[in-house]
2 protein chains.
Amino acid sequence: MKFGGTSVADIDRLNRVAARLIERAKAGDDVVVVVSAMGKVTDDLIGLAHQANPKPCKREMDMLLSTGEQVSIALLAMAIQKQGYEAVSFTGAQVGIITDSVYSKAKIVRIDAACVLEALIQKKIVIVAGFQGRTVDGQITTLGRGGSDTTAVALAAGIKADACEIYSDVDGVYSADPRIVPKAHKLDTVSYEEMLEMAASGAGVLSMRSVEFARNFDVVIHCRHSFKPADVPGTIVRGEDPSMEDAVVSAVTHDTNEAKITIRGVPDRPGIAASVFGTLGQNNVNVDMIIQNISDAGLTDISFTAPEDDITSVTSALEICLKEIGARTWNIDRDIAKVSIIGAGMKSHPGITAKMFKALAEEGINLDLISTSPIRVSCIIAADQAETAVRVLHTAFGLDQE
Amino acid sequence: MKFGGTSVADIDRLNRVAARLIERAKAGDDVVVVVSAMGKVTDDLIGLAHQANPKPCKREMDMLLSTGEQVSIALLAMAIQKQGYEAVSFTGAQVGIITDSVYSKAKIVRIDAACVLEALIQKKIVIVAGFQGRTVDGQITTLGRGGSDTTAVALAAGIKADACEIYSDVDGVYSADPRIVPKAHKLDTVSYEEMLEMAASGAGVLSMRSVEFARNFDVVIHCRHSFKPADVPGTIVRGEDPSMEDAVVSAVTHDTNEAKITIRGVPDRPGIAASVFGTLGQNNVNVDMIIQNISDAGLTDISFTAPEDDITSVTSALEICLKEIGARTWNIDRDIAKVSIIGAGMKSHPGITAKMFKALAEEGINLDLISTSPIRVSCIIAADQAETAVRVLHTAFGLDQE
């Protein structure tokens, strides 16, 4: 069971989470819980860091941020013990979440969860700090955004849990963001592939990495609401099987946290794109969509999108490599949004893309970049048109709930 | 160099500490710095813990409190790096401060400071979290009050440092608390034995445990002011040697953080005291002074003093063992103070005790309990008479500065 920062934002909520955990433990389940930092703690720590150093070293940033979850696990253990049940907390380092040494975005390489299994045998509720791990030589790392979900799924795989329940302040996975589309409905089941595409294109319920991990280790994820009764189901994310009804389009997602970077006057010769995106990769920038315009007089333009959080890394990477390759200028456009339609049934239904473009065109929405996968179509549009686009597509693909 | 919570209370002070460290490093010194949690962070965390559980489990308390220093070390590293010098931070667990498993009052059993020496070779300023360590099997522990001083001295011993400089908001060790005795003066040199007696009797500059550690491993301590120029000396604490001038009385100390516990109607037979104080010891209560009154009809009274912080442990220990031994009643008096005179020269000067009692009697100050060591005499008096007593004794023993 994994509870995010909102679910443990204060002592009152911690007590409610504690009660929920004890209820499950008393029902006979072995309970392992992963928690994030309380409410805005991580943001506060980041604020402090930037006061100390506008460009803080990532190793020290991980040293700092990992304290947020450590506070949560200790307080949750105390809250459970107060309600009369045994509990024990472990940091990521203690529980043996071994990562690579890419500070602030570390990847889990191995889990030695022996101490979890041992504590479960002693009938304790085991509390593990999300978002963090350690390198083989004992350096503290954090897993980056969505890291607590990844911790939960990885632990579930490591201890062969029956399921990994991810709790948050939403009921489950929706056909679109219900704040924007009032007629959006909760999905009962979503395949890993659909969930991956949804996470990659803006659905905030689960991080993409955690879904990848779940798919690779066949962990069933159950997305649920933290404070609704235990018999209210959420959305199950699992491997596709023939019993699943493949909706042509299951969901419409949007993401306003990306920025579009355009490099102009790039010499059009082999190896240039490799050089640019190689450098970006070395700087741990998650490049999303890439488009290269046709060449004009031996020069071309390259556009790509990346998370706004990565813009500092993008800037330093481009400053180095553009000088080498001799591009003319580059600029960043933050006023963009990505709108996507996702559905496993898309694979066997041609014409979906055309239908999407038509629906958007009828609303006068201009498409900037387009990218597709077998089960997704994404368009970059102006940020202020994102909500309209989502509503139009939700209706166009028959997702509106009666 | 060790900086306490007041010296790192905010980013501005962290920057000043960083500048001071860099100055020393640039002067050619290898610099290792131990820091406490910032300002009131530990108090805030304790407050949170008590909201979660009025009687928090000590293991989880250590898990919680150790985050305070971890925040400090990361921010200090960032502040140093911003000023252009290399730095690296380590938690107590990472730096190999191995302790026993008495949570909240762990004792250091060993230091594996290999990573400190390695970072020093790389010309980095090494920052270590005070107050914390880990057990051999990786559980996080804290060292209890004054723990950061102990970390500093133990590390200094472990890496064979030339000296251990303890920085705080006072200039050094004074002949009495200058807030109470305006004529108090700073002592240039104090022997370990005197410092131990002073620490045990209320001088807050250094913790007793850190001085014991320093004596056992022959670490020279230099108590200094955090924000005075580097050439302003503080007080050196080191082994006694013939060149030291043995003042009959070096200092007058007082302590208002003790409570007096009196047990009435204790059966006067062998083994009773052993049972009472054995149980208190098992509960990690630091009993200070003990007095047993003469027996009356086979029953006697036992009084002792202990830190007010230990009263919860005292209460639970006494509730158990007094039932067994059949004592009548017991009570706690918090309105007491301990006033002490300390001086290595006392050993060879008889009559000091009488002089002390006379000076106090002339002010109408009643003595409740008395205890002595070869270089110290302590009296328990009413709390509201403590300041008068300190001033009277400071004058009586010729310590007032012209």
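Scroll up to find the structure.
Here is a short report on the structure shown in this document. Since the structure is predicted, the reported quantities are computational estimates derived from the model, not experimental observations.

### Details of the overall build of chain A
In step 1: The number of helices and strands found in chain A is 11 helices and 20 strands.
In step 2: Its C-alpha atoms give chain A a radius of gyration of 22 Å, near enough to 21 Å, the size a compact globule of 402 residues would have.
In step 3: Viewed in the frame of its principal axes, chain A has a C-alpha envelope of about 75 × 55 × 35 Å.
In step 4: Approximately 17,100 Å² of chain A is accessible, and the part contributed by carbon and sulfur atoms is 50%.
In step 5: Counting 39 positive and 52 negative side-chain charges, chain A places the averaged centre of each group 2 Å from the other.

### Things to note about unusual backbone geometry
Most peptide bonds adopt trans geometry, and most residues besides glycine take a negative phi value.
Residue and element names in this part refer to chain B.
In step 1: In this structure, aspartate 218 is a non-glycine residue whose phi angle is positive, near 55°.
In step 2: As for its position among the elements, aspartate 218 is in the loop between α7 (208-217) and β11 (221-225).
In step 3: Using a relative accessible area of 59% as the deciding quantity, one classes aspartate 218 as exposed.
In step 4: Phi angles above zero are rare outside glycine, and asparagine 284 is one such case at about 60°.
In step 5: Mapped onto the fold, asparagine 284 is located in the loop between α8 (272-282) and β15 (290-292).
In step 6: Classification of asparagine 284 as partly exposed rests on a relative accessible area of 32%.

### Side note on helix α1 (residues 11-26) of chain A
Helical periodicity: at 3.6 residues per turn, an α-helix aligns residues three or four positions apart in one direction.
All names here are of chain A.
In step 1: Over its 16 residues, α1 runs 22 Å from end to end, which matches the ideal 22 Å to within 8%, given 1.5 Å per residue.
In step 2: Restricting attention to buried positions, one finds in α1 the residues Ile11, Leu14, Val17, Ala18, Arg20, Leu21, Ile22 and Ala25.
In step 3: Measuring from the side-chain oxygen of the N-cap residue of α1 to the backbone nitrogen of aspartate 12 gives 3.2 Å; that N-cap residue is aspartate 10.
In step 4: Phi turns positive, to about 105°, at glycine 28, one or two residues after α1.

### Notes on the pattern of salt bridges
In step 1: Under the criterion given, the structure shown has 37 salt bridges over all chains.
In step 2: Between B:Lys2 and B:Asp149 there is a salt bridge, with the nearest N and O atoms lying 2.8 Å from each other. Remark: B:Asp149 occurs in helix α5 (residues 147-158) and B:Lys2 occurs in strand β1 (residues 2-3); sequence separation between them is 147 residues.
In step 3: The buried category is assigned to B:Lys2, whose relative accessible area is 8%.
In step 4: With its nearest N and O atoms 2.8 Å apart, the salt bridge here joins B:Arg179 to B:Asp177.
In step 5: Within the structure, one salt-bridge network assembled from shared partners comprises A:Arg24, A:Asp29, A:Glu165 and A:Arg224.

### What about the interface of chain A and chain B?
In step 1: In this assembly, 36 residues from chain A lie in contact with 36 residues from chain B.
In step 2: Interface area for chain A against chain B, summed over the two sides, is near 2,900 Å², with a carbon-plus-sulfur share of 65%.
In step 3: The largest per-residue losses of area from chain A upon contact with chain B belong to A:Ala52, A:Glu60 and A:Met78, which jointly make up 20% of the total buried on that side.
In step 4: Inspection of the chain A/chain B interface yields zero salt bridges.
In step 5: Where chain A packs against chain B, one counts 12 residue pairs in polar contact (both at pLDDT 80 or more).
In step 6: Listing elements by their share of the side of chain A that touches chain B, those giving two or more residues are α2 (41-52), α3 (58-82) and β3 (87-90) of chain A.

### Topic: the relation of the copies chain A and chain B
In step 1: Rotating chain A by 180° and translating it 0.0 Å along the rotation axis places it on chain B, where the RMSD comes to 0.1 Å. Put plainly, the chains are arranged around a two-fold axis. Closest to the rotation axis within chain A is the C-alpha of A:Thr67, separated from it by 2.6 Å.
In step 2: Taken together, the interface assignments show that 100% of the residues at the interface of chain A recur at the interface of chain B, consistent with an identical surface on both copies.

### Remarks on the sheet that holds β15(B)
Residue and element names in this part refer to chain B.
In step 1: Spatial ordering of the open sheet is given by β15-β16-β14-β17, a layout of four strands whose pairing is antiparallel. For this open sheet the edge positions go to β15 and β17 (329-333), each flanked by a neighbour on one side alone. The mean angle between the axes of side-by-side strands here comes to 15°, regardless of whether they run parallel or antiparallel.
In step 2: Sheet topology note: the strand β14 (residues 258-267)/strand β16 (residues 299-307) ladder contains eight bridges and is antiparallel. Paired with proline 267 across the strands is leucine 299, a residue of β16.
In step 3: Its contacts with the sheet place helix α9 (residues 311-325) against β14, β16 and β17, and it is angled at close to 5° to β14.

### Details of the packing of aromatic side chains
In step 1: In this structure the tally under the stated criterion is six aromatic pairs over all chains.
In step 2: Look at A:Phe213 and A:Phe217: their rings are 5.0 Å apart centre to centre, the planes differ by 25°, and that puts the pair in the stacked class. With A:Phe213 and A:Phe217 both in helix α7 (residues 208-217) and four residues apart, the pair spans about one turn of that helix.
In step 3: Here the guanidinium or amino end of A:Arg59 rests over the ring plane of B:Phe90, the centre of that ring lying 5.3 Å away.

### Looking at helix α11 (residues 386-396) of chain A
Residues and elements named next belong to chain A.
In step 1: Within α11, burial applies to Ala386, Ala389, Val390, Val392, Leu393 and His394.
In step 2: Residues of α11 that are buried sit in contact with β13 (251-255), β18 (336-342), α10 (352-362) and β20 (376-382).
In step 3: Trailing α11 by a residue or two, glycine 398 shows a phi angle of about 70°, which is positive.

### Some details on the pairing of strand β13 (residues 251-255) of chain B
The side chains of a regular strand alternate, residue by residue, between the two faces of the sheet.
All names here are of chain B.
In step 1: Burial runs high along β13: five of the five residues are buried.
In step 2: Alternating residues of β13 divide into Ala251, Thr253 and Asp255 and Val252 and His254, and every residue in both groups is buried.
In step 3: Pairing geometry for β13 and strand β18 (residues 336-342), over five bridges, is antiparallel. The residue bridging threonine 253 from the neighbouring strand is serine 340, located in β18.

Quick notes on the rules
- Residues numbered from 1 in each chain as written.
- Chains lettered and ligands numbered in written order.
- Predicted model: local features only at pLDDT ≥ 70, side-chain atom pairs only at ≥ 80, totals over all residues.
- Heavy atoms only, no water.
- Helix = DSSP H or I, 4+ residues; strand = E, 2+ residues; numbered from the N terminus.
- Rg over C-alpha atoms; globule rule 2.2 N^0.38 Å.
- Areas by Shrake-Rupley, 256 points an atom, 1.4 Å probe, with all protein chains shown as cover.
- Lys, Arg positive; Asp, Glu negative; His and termini not counted.
- Charge placed at Lys NZ, Arg CZ, Asp CG, Glu CD.
- Buried < 20%, exposed > 50% of the residue type's maximum accessible area, 1.4 Å probe, protein only.
- Expected span 1.5 Å × (residues − 1).
- Polar contact = N/O pair within 3.5 Å; in protein donor to acceptor, adjacent residues only side chain to side chain.
- Salt bridge = Lys/Arg side-chain N within 4 Å of Asp/Glu carboxyl O.
- Contact = heavy atoms within 4.5 Å.
- Buried area = accessible area lost by both parts, 1.4 Å probe.
- Least-squares fit on C-alpha atoms with pLDDT ≥ 70 in both.
- Pairing = 2+ DSSP bridges.
- Axes fitted to C-alpha atoms, helices over the stretch in contact; angles between N-to-C directions.
- Phe/Tyr/Trp six-rings, centres within 6.5 Å; stacked < 30°, edge-to-face > 60°.
- Lys NZ or Arg CZ within 6 Å of the ring centre and 35° of its normal.

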